[in-house]
Amino acid sequence: MIFDNKFVQQRIEKANTLKELGFNPYSNRSKRNTTIQKYLNVNSDLHNRENKRDEKRHYTVSGRIKFFRVMGKASFVKIEDESAMLQVYVARDNLPEDFYNDIFKKHIEVGDIIEVSGFPFVTNQGELSLHAHELMLLTKAVAPLPEKFHGITDKETRYRKRYLDLIMNADVRKTFQIRSKVISLTRHFFENKGFLEVETPMMHPIAGGANAKPFVTHHNALGIDRYLRIAPELYLKRLIVGGFEAVFEINRNFRNEGMDATHNPEFTSIEFYWAYKTYKDLIKITKEYFEYLFEHLNLPIVLPYGDMEVDFSKFSEVPLIESLHTIGEVPQEIVNDKEAILAFLKSKNIDVKPNLSLGQLQGELFDEFVEHKLINPTFITEYPVEISPLARRNDERPEITERFELFIAGREIANAFSELNDPVDQYERFKTQVESKECGDDEAHEMDEDFVEALSYGMAPTAGQGIGIDRLVMLLTNEHSIRDVLLFPAMKPLHNEDQTENTTEEN
């Protein structure tokens, strides 16, 4: 328990002493009239003045103490709010009698949140600061912050105690500010294109919309099990049947699968559906979407990602089968031969189920030999129908679908296709998925008779797409673990976790 820590006990005693002296260490009153960044911007002109102070200007700012240096009759503290950090000069003679010695020096320390009022000035070292003539404790922090020179370096601690990570690492806050901007810009982009934002259920009677293993929950009032949604696709297409022609949902999805650098059990994506369009139209709007993001986020067209450089001026399109030999260097003569593929994979020590279909085996080849090589934005098109149960068949080549996946920096970012709107074909594909499920594929679709019935009333030719927001933010912020772009990623529970790990007392 955090309160068992001796340093925490010392700080609690200081908070109690302040109460006894008539100071509320958890005030609910603030007179702040500007943020630190606005303060720094407005007063930057003082750097160019001969008299580098202006006592006629008055500001009140608030923030957490990140640095504290006492120098006899005066002290320097650095406080930080969400926007920036500011140095504050606190002198004994500018505060109420005995406040400096009896309250400020003894009971206020690093980690506390304070409010200071004063005027701007520039120090001899050239740092724009605030000369305090009033200081108030807003919140007493009873848990000490990590040592300032090292912060939190342990990844596990950062993820488990994200609040502490955000306190200590401004760059982490910046990542999540960018994430918020990406979601906001995404919403504005599609609204400006005439799409309607909608909301669909997060608890489904049937797990559908993607090949994935669902989470199961129980609805007490109805007395039945429900599945946390793995995708909103089938509900969004019901809306197209109903007469909406362009809809989108920025949604949370849940998949009961493994966790790694690019997978978290719950994740965010946008799915949008567009009547009277094809997957070719989606390729065009996806390029426009990236241009819009890059313009409004002020990103360079060539973006660094780890030791790679991704050139967003070089979008390309490659059919999946072609990519196997042109990019993956799989012998061209085997890519349409099931037995030859099985033998090839065995020669590479790659185990697969021998009962996989040709299309599924082609998907295995792609995953093993092509995906990681796709650095610049690449639309992989013409997926086999066996691995695309909801996509429309190509009219001339019914063994493939009108589908693409977008890969950037070796990872899938988006999945899209011209939607299957033939109810009989959809029913037959669901039956095939059910057979796969009965044979042990726990990610296969279940039969959704209501969706088949919806298609029976007629769905206009439609194209739909999903874009993974988490992976997109990883790409735009040069982060290489999905946990670094999720505020609270899924974590394995720890027993007897030391709540005071990575903290030391500092004054």
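Residues numbered from 1 in each chain as written. Predicted model: local features only at pLDDT ≥ 70, side-chain atom pairs only at ≥ 80, totals over all residues. Heavy atoms only, no water.

Pairing within the closed barrel is mixed, and its 5 strands lie in the order β1-β2-β3-β5-β4. Neighbouring strand axes in the sheet, compared pairwise and without regard to direction, differ in orientation by 50° on average. Relative to strand β3 (residues 85–91), strand β2 (residues 74–80) runs antiparallel, the two being bridged by 7 bridges. Its bridge partner lying in β3, K78 is registered against Q87. The strands that helix α3 (residues 99–107) touches are β1 (59–71), β2, β3 and β5 (128–139); relative to β2, the one it contacts most, it runs at about 40°. (Pairing = 2+ DSSP bridges. Helix = DSSP H or I, 4+ residues; strand = E, 2+ residues; numbered from the N terminus. Axes fitted to C-alpha atoms, helices over the stretch in contact; angles between N-to-C directions. Contact = heavy atoms within 4.5 Å.)

Our focus in this paragraph is the nonpolar core. Counting 44 residues, the largest nonpolar core has F190, Y289, F290 and I408 as its most contacted members. Take this core: its biggest share by element is 10 residues, from helix α8 (residues 279–297). F290 has contacts with F312, F315, L406, I408, I413 and L472, leaving out every residue within four places of it along the chain. Grouped together as the second largest cluster of nonpolar side chains are 35 residues, L46, F99, L137 and M168 included. (Core = buried A, V, L, I, M, F, W, Y, C linked by side-chain atoms within 4.5 Å. Buried < 20%, exposed > 50% of the residue type's maximum accessible area, 1.4 Å probe, protein only.)

This next bit is on the packing of helix α10 (residues 338–347) against helix α11 (residues 358–369). Running from N to C, α10 and α11 point in directions that differ by 35°, and their axes come no closer than 10 Å. Regarding α10 and α11, the two cross each other, and that crossing is left-handed. Judged by residue contacts, K338, I341, L342, F344 and L345 of α10 engage L358, L361, Q362, L365 and F369 from α11. A class-by-class count of the residues in the contact of α10 with α11 yields 8 nonpolar, 1 polar and 1 charged. (Left-handed = near helix turned anticlockwise from the far one by under 90°. Nonpolar A, V, L, I, M, F, W, Y, C, P; charged D, E, K, R; others polar.)

Where the model shows low pLDDT, its predicted coordinates should not be examined in detail. When pLDDT is averaged along the protein chain, the result is 93, and 95% of the positions lie at 70 or above. Low pLDDT (under 50) marks residues 498–507, which in the prediction has 30 contacts with non-local residues, meaning those over four places away or in another chain. (pLDDT = per-residue confidence, 0-100.)

This part covers the pattern of salt bridges. Applying the stated criterion across every chain yields a total of 39 salt bridges. With its nearest N and O atoms 2.9 Å apart, the salt bridge here joins E134 to K31. Of this pair, E134 sits in strand β5 while K31 sits in the loop between α1 (6–20) and α2 (36–42); the two residues are 103 residues apart in sequence, bridging distant segments of the chain. Looking at E134, the relative accessible area reads 33%, which means it is partly exposed. Overall, K31 belongs to the partly exposed group, its relative accessible area being 40%. When the shortest N-O distance is used, the salt bridge between R392 and D395 registers 3.2 Å. With a relative accessible area of 56%, D395 lands in the exposed category. (Salt bridge = Lys/Arg side-chain N within 4 Å of Asp/Glu carboxyl O.)

Read from one edge of the open sheet, 3 strands run β7-β9-β8, paired in antiparallel fashion. The open sheet is flanked by β7 (203–204) and β8 (216–219), the only strands paired with a single partner. For β8 and strand β9 (residues 224–228), the ladder comprises 4 bridges, and the chain directions are antiparallel. Residue pairing across strands places H218 opposite D225, the latter belonging to β9.

A word on the pairing of strand β11 (residues 266–275). In terms of burial, β11 is a largely internal element, 9 of the 10 residues being buried. Inspection of the sheet shows strand β10 (residues 246–254) paired to β11 by 9 bridges, in the antiparallel sense. Bridge pairing links I250 to I270 in β11. Judged from the 7 bridges that link them, β11 and strand β18 (residues 462–468) form a sheet pairing that is antiparallel. Counted as the bridge partner of S269 is G468 from β18.

Quick look at helix α6 (residues 170–192) now. The end-to-end C-alpha distance of α6, which contains 23 residues, comes to 33 Å, matching closely the 33 Å that a straight helix rising 1.5 Å per residue would cover. Within the sequence span of α6, burial applies to V172, R173, T175, F176, R179, V182, L185, T186, F189 and F190. G194, located one to two residues past α6, shows a positive phi value of around 95°. (Expected span 1.5 Å × (residues − 1).)

This part takes up unusual backbone geometry. Unlike most non-glycine residues, E382 shows phi in positive territory, near 60°. Topologically, E382 is positioned in the loop between β15 (378–381) and β16 (403–408). Judged by relative accessible area, E382 falls into the partly exposed class, the value being 23%.

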